[in-house]
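Observations on the three-dimensional arrangement
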Amino acid sequence: DLLARLAEAHGPSGREEAIAAIVRPELEAVCDRVETDPLGSLLGTRDATGADGTPTRLMIAAHMDEIGLMVTAVDDSSGFIRVIPLGGWDARTLVSQRVLVHGREPLDGVVGTPPVHVLDADARGKAPKLEDLVVDTGLPAERVKELVRPGDVVTREREITRMGDLVTGKSLDNRVGLYVMIEAMRALGDTSCEVFAVAAVQEEVGLRGARVAAARIRPQVALAIDITLANDGPDTKPHERVSDVG
C-alpha cells in the first residue's frame, strides 16, 4: 500500500509537495524529529544511542521527484499542448501515454504524435523526438487556454500493478527508493550513529536536493538509494544482469 501511494502520487522536480505529504508522517513515526529544508527536502533525524563522544553522522537519501514535462505553449486552433522535458526522457516511452496536466484544475490528457499513416518512409524508421509530441486533453482550444499556462507541469497517470513476481507502474524511480529508506528506518534499532533520512527534491534536474541536504548535515558517511537498469532483457549476457550480481 505504501509503495502504491508513493508511486501513484504526482511530484515532478520542483513540485514534490504531494510526495512529501505522504513521506513526512512515515518519517515522523520512526525519527526523533523531521524538518523541511529551504529547498523542500525532508530531513528525518534518528539520534544516536549509547555513543561515546561525538557520533558518526550517517545520511541516507532517496529522491522524491519524478521526471515530468513543462508546458511551453497551447496551440491557438487545436488546443494541443506543447511541452519540454523536466528530467531525462526517452520520447519513445511517452507516445500514447495517459498524463495529468496540472493547470488551474487537473486535466486528463494523452500524448500524441503524427500517425504512421501520414509519415513518409524515412520518418517511419526514426524514433520520435520530444518536441514532436503534444498533449491532447480533448477540450477546445479556448477552454485549454483558460486552464493551462506556460510553466504548468505534466506527469504520467498510471496505477501500480502486480505483474508476476514484480510490479509495474510510473515513478518507481525513485519512489521505490523512498519505500526502501522508510522501511530501513522502521527496522533500525539502537545505533551508535546519528542517522539522517533525507527525502530529497529535484534529483532529476541536477541532484539539487541532495547537494543542499549534504551541505547542511555534513555527514561522515552517505548512502544514496536509487534504481538502476535490470539489464535482464533479451540478448543480455549473464554478467550484465543486475539480478545475477552477487
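Below or above, wherever it landed, is the structure these notes cover. (Residues numbered from 1 in each chain as written. Predicted model: local features only at pLDDT ≥ 70, side-chain atom pairs only at ≥ 80, totals over all residues. Heavy atoms only, no water.)

**Notes on the pattern of salt bridges**
Tallied over the full model, the rule gives 17 salt bridges. One salt bridge in this structure joins Arg33 and Glu194, with 3.9 Å as the shortest N-O distance. With Arg33 in strand 1 (residues 33–36) and Glu194 in strand 12 (residues 194–200), this pair connects stretches of sequence that are 161 residues apart. The exposure class of Glu194 is buried, given its relative accessible area of 15%. (Salt bridge = Lys/Arg side-chain N within 4 Å of Asp/Glu carboxyl O. Helix = DSSP H or I, 4+ residues; strand = E, 2+ residues; numbered from the N terminus. Buried < 20%, exposed > 50% of the residue type's maximum accessible area, 1.4 Å probe, protein only.)

**Some words on the sheet that holds strand 13 (residues 221–224)**
In spatial order, the strands read 1-2-12-3-13; together these five strands make up an open sheet with mixed pairing. At either margin of the open sheet sits one strand with a lone partner, and together these are strand 1 and strand 13. Strand-to-strand, the axes of this sheet are offset by a mean angle of 20 degrees, without reference to chain direction. Examined bridge by bridge, strand 1 and strand 2 (residues 42–46) share four bridges and lie antiparallel to one another. By the bridge assignment for strand 2, Thr36 is matched with Leu42. Each of strand 2, strand 3 (57–63) and strand 12 touches helix 5 (residues 172–187); the most contacted strand, strand 3, lies at about 145 degrees to it. (Pairing = 2+ DSSP bridges. Axes fitted to C-alpha atoms, helices over the stretch in contact; angles between N-to-C directions. Contact = heavy atoms within 4.5 Å.)

**Remarks on the environment of Pro219**
Mapped onto the fold, Pro219 is located in the loop between helix 6 (208–217) and strand 13. In this structure Pro219 comes out as partly exposed when scored by relative accessible area, which is 23%. Through-space distance from the C-alpha of Pro219 to that of Asp132 is 44 Å; in sequence the pair is 87 residues apart. Excluding residues that lie within four positions of it along the chain, Pro219 makes contacts with Arg57, Met59 and Ala214.

**A closer look at the nonpolar core**
Among the nonpolar cores identified, the biggest contains 24 residues, and Val23, Leu27 and Leu178 are the most heavily contacted of them. Residue assignment for this core shows that the elements contributing at least two residues are helix 1 (2–8), helix 2 (17–28), strand 3, helix 5 and strand 12. Among the elements that take part in this core, helix 2 stands out by supplying five residues, more than any other. If near-sequence neighbours (up to four positions away) are discounted, Val23 is found in contact with Leu6, Leu42, Leu178, Ile182 and Ala199. The next biggest cluster of nonpolar side chains, apart from the first, holds 20 residues, and it includes Ile67, Trp89, Leu94 and Val154. (Core = buried A, V, L, I, M, F, W, Y, C linked by side-chain atoms within 4.5 Å.)

**A few points about the sheet that holds strand 6 (residues 98–102)**
The strands making up a sheet associate through hydrogen bonds between their backbones, and the pairing can be parallel or antiparallel. Taking strand neighbours around the barrel as the criterion, the six strands line up as 4-5-8-7-6-9 in a closed arrangement whose pairing is antiparallel. Taking the axes of each pair of neighbouring strands and ignoring which way they run, one obtains an average angle of 45 degrees across the sheet. Two elements, strand 4 (residues 68–74) and strand 9 (residues 153–156), share two bridges in a ladder whose sense is antiparallel. Within strand 9, the position partnered with Leu69 by the bridge is Val154.

Limitation: the analysis is restricted to geometry and does not speak to function.
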